[in-house]
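# Summary of structural features
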Amino acid sequence: MLVFGHRGACGYRPENTLESFELAFIQGADAIECDVVPTKDGHLIVRHDSWLSDTTDIAEHPEFADRKREGLVGWQMTRQDWFVEDFTLAEIKTLRATERLADLRPGSAKFDGQFEIPSLDEFLAASFNDGKHLIIEIKHGSHFALLGFPVAAILARILGESNWRERGITLTIESFDAAVLSQAKRLCGDIAKYVFLVESWGMPSDRTDLGVAAWLDEIASKFDGVGIEAKQLFDDGSLVSKMHDRGLLVYAWTAKVEEAVASIEEYYVGFINLGTDGIFADQPDLLAELVAGLS
Ligand code: G3P
Ligand code: CA
């Protein structure tokens, strides 16, 4: 059972920063996960959202004030914000990361304003990744395709130009979007494992044995694994073995100690008992310590 540092060690440092990733490995994570989105000039940066105000200090940059606008952020959902596709990489590099959950994680919010927003190139080049396992999630692939950003192709180019393989790095590529993940697999080939992400809206509408079997057979015919919202596994205890029966890796997301009701140990044991191959954790140190104690 592997421990994945979710957006690094985002329980302790502003997410998706080099400082958060390095800390996750120091804390014993077996792999780290990052999210990527494109910039106006065709680079990929390490951010979770297409909008910038939740995890950067962009609101404090008067030079960008006039770029705040209404933008699409989901199915028929819009918000007033600054959007990554309106900014060049050079402009993004003038921003600094901030804690998304400042009230919940004041210890992390103390680092607000200190860390850069990494490009994917910078992330790949970081020496603390040497010999490690990196999990790259392509965010909002179809959304950006509609805006004219071929994110899978950009990722393939960046990976092709990086020396990550010579440095012993292992790669997993993930997406909630099957079309984008298939495109990444076609363009990047067998250099990585491909993991299809699933949350409630991605579950099959037909939940009979036959319906679930057809759904999993299709996933197994295309990809190496499933990264699934833990709630779906808690709701249906048979899913993990059905996935394993088809040769799929199964990863569960996301363990965050702030959600523990009774004790942190009981909370983590609930995740571990699901029987998955890996768990994404916001506090990888605590989960890694418990897993080590159990083995
Ligand atoms: O990689 C799994 C997990 O990161 C997917 O959810 O929203 O945290 O990117 P999210
Ligand atoms: Ca992610």
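Okay, so let's go over this structure. (Residues numbered from 1 in each chain as written. Chains lettered and ligands numbered in written order. Predicted model: local features only at pLDDT ≥ 70, side-chain atom pairs only at ≥ 80, totals over all residues. Heavy atoms only, no water.)

## A short note on the pairing of strand β10 (residues 249-255)
The buried fraction of β10 is high, at 6 of 7 residues. The pairing of strand β9 (residues 225-229) with β10 spans 5 bridges and is parallel. Among the inter-strand pairings, I228 is bridged to a residue of β10, identified as A252. The pairing of β10 with strand β11 (residues 278-281) spans 3 bridges and is classified as parallel. By the bridge assignment, A255 is partnered in β11 with A281. (Buried < 20%, exposed > 50% of the residue type's maximum accessible area, 1.4 Å probe, protein only. Helix = DSSP H or I, 4+ residues; strand = E, 2+ residues; numbered from the N terminus. Pairing = 2+ DSSP bridges.)

## Considerations on the coordination of the calcium ion (ligand 2)
Coordination sphere of the calcium ion (ligand 2), protein contribution only: E33 (OE), D35 (OD) and E137 (OE), at 2.0 to 2.2 Å. Counting along the primary sequence, the residues that act as donors to the calcium ion (ligand 2) give the motif E-x1-D-x101-E. The exposure class assigned to E33 is buried, which follows from its relative accessible area of 2%. Residue D35 is classed as buried on the basis of its relative accessible area, which comes to 1%. (Donors = N, O, S within 2.8 Å, 3.2 Å for Na, K, Ca; no water.)

## Quick look at the packing of aromatic side chains
The full count for this structure, using the stated rule, is 13 aromatic pairs. Pairing F4 with F280 gives two aromatic rings, centres 5.0 Å apart and planes at 55°, and the pair type is tilted. Here the residue F4 occupies a position in strand β1 (residues 2-5), and F280 occupies one in strand β11, the gap between them amounting to 276 residues. The pair formed by F4 and F280 is uniform in burial state, with each residue classed as buried. Each member of the aromatic cluster is reached from another via a ring pair, and the members are F234, Y267, Y268 and F271. (Phe/Tyr/Trp six-rings, centres within 6.5 Å; stacked < 30°, edge-to-face > 60°.)

## Regarding the site of ligand 1
Near ligand 1 you find H6, R7, E33, D35, H48, E137, K139, E174, F176, L197, W253 and F280, and these make up its full shell. Here an oxygen atom of ligand 1 sits 2.9 Å away from a polar atom, N or O, in the side chain of E137. In isolation ligand 1 has 290 Å² of accessible area, and contact with the protein removes 92% of it. Among the detected pockets, ligand 1 sits in the largest pocket. Class assignment of the residues belonging to the shell around ligand 1 gives a composition of 4 nonpolar, 2 polar and 6 charged. (Near = heavy atom within 4 Å. Polar contact = N/O pair within 3.5 Å; in protein donor to acceptor, adjacent residues only side chain to side chain. Areas by Shrake-Rupley, 256 points an atom, 1.4 Å probe, with all protein chains shown as cover. 1 Å grid on protein atoms, 1.4 Å probe; cavity = no way out; pocket = protein on both sides within 12 Å on 5 of 7 lines; lining within 4 Å. Sits in = over half its atoms within 2 Å of the grid points. Nonpolar A, V, L, I, M, F, W, Y, C, P; charged D, E, K, R; others polar.)

## Quick word on the packing of helix α11 (residues 264-272) against helix α12 (residues 284-294)
Describing two packed helices takes the angle between their axes plus the distance from one axis to the other. Where α11 meets α12, the closest approach of the two axes is 11 Å, and the angle between their N-to-C directions is 70°. Classified by the angle their axes make, α11 and α12 are roughly perpendicular. Within the contact between the two elements, α11 uses E265, Y268, V269 and I272 and α12 uses L286, L287, L290, V291 and L294. When grouped by side-chain class, the residues that make up the contact of α11 with α12 number 8 nonpolar, no polar and 1 charged. (Axes fitted to C-alpha atoms, helices over the stretch in contact; angles between N-to-C directions. Parallel < 35°, antiparallel > 145°, perpendicular 65-115°, else oblique. Contact = heavy atoms within 4.5 Å.)

## Observations concerning the pairing of strand β4 (residues 69-74)
Here 5 bridges tie β4 to strand β5 (residues 77-81), and the two strands are oriented antiparallel to one another. Following the sheet pairing, R69 is matched in β5 by D81.

## Description of the state of the cysteines
Cysteine pairs can be covalently joined through their sulfur atoms, and such a bond is termed a disulfide. The full count for this structure, using the stated rule, is 0 disulfides. There is no disulfide at C188, and the cysteine sulfur nearest it, in C34, is 13 Å away. (Disulfide = S-S within 2.5 Å.)

## A short note on unusual backbone geometry
In this chain, W253 is followed by T254 through a cis amide linkage whose omega measures -10°. With respect to the secondary-structure elements, T254 resides in strand β10. You will see that R7, though not glycine, has its phi angle at about 55°, which is positive. Relative to the elements of secondary structure, R7 occurs in the loop between β1 and α1 (18-26).

## Some details on helix α8 (residues 209-222)
Along its 14 residues, α8 runs 20 Å from first to last C-alpha, staying within 8% of the 20 Å computed at 1.5 Å per residue. Residues of α8 that are buried sit in contact with β8 (193-198), β9 and α10 (239-245). (Expected span 1.5 Å × (residues − 1).)

## Some thoughts on the environment of K132
Looking at the secondary structure, you find K132 in the loop between α4 (120-125) and β6 (133-138). The sequence separation of K132 and D30 amounts to 102 residues, and the corresponding C-alpha distance is 7.6 Å. In this view, K132 contacts F25, G168, I169 and T170; residues no more than four positions away in its chain are not counted.

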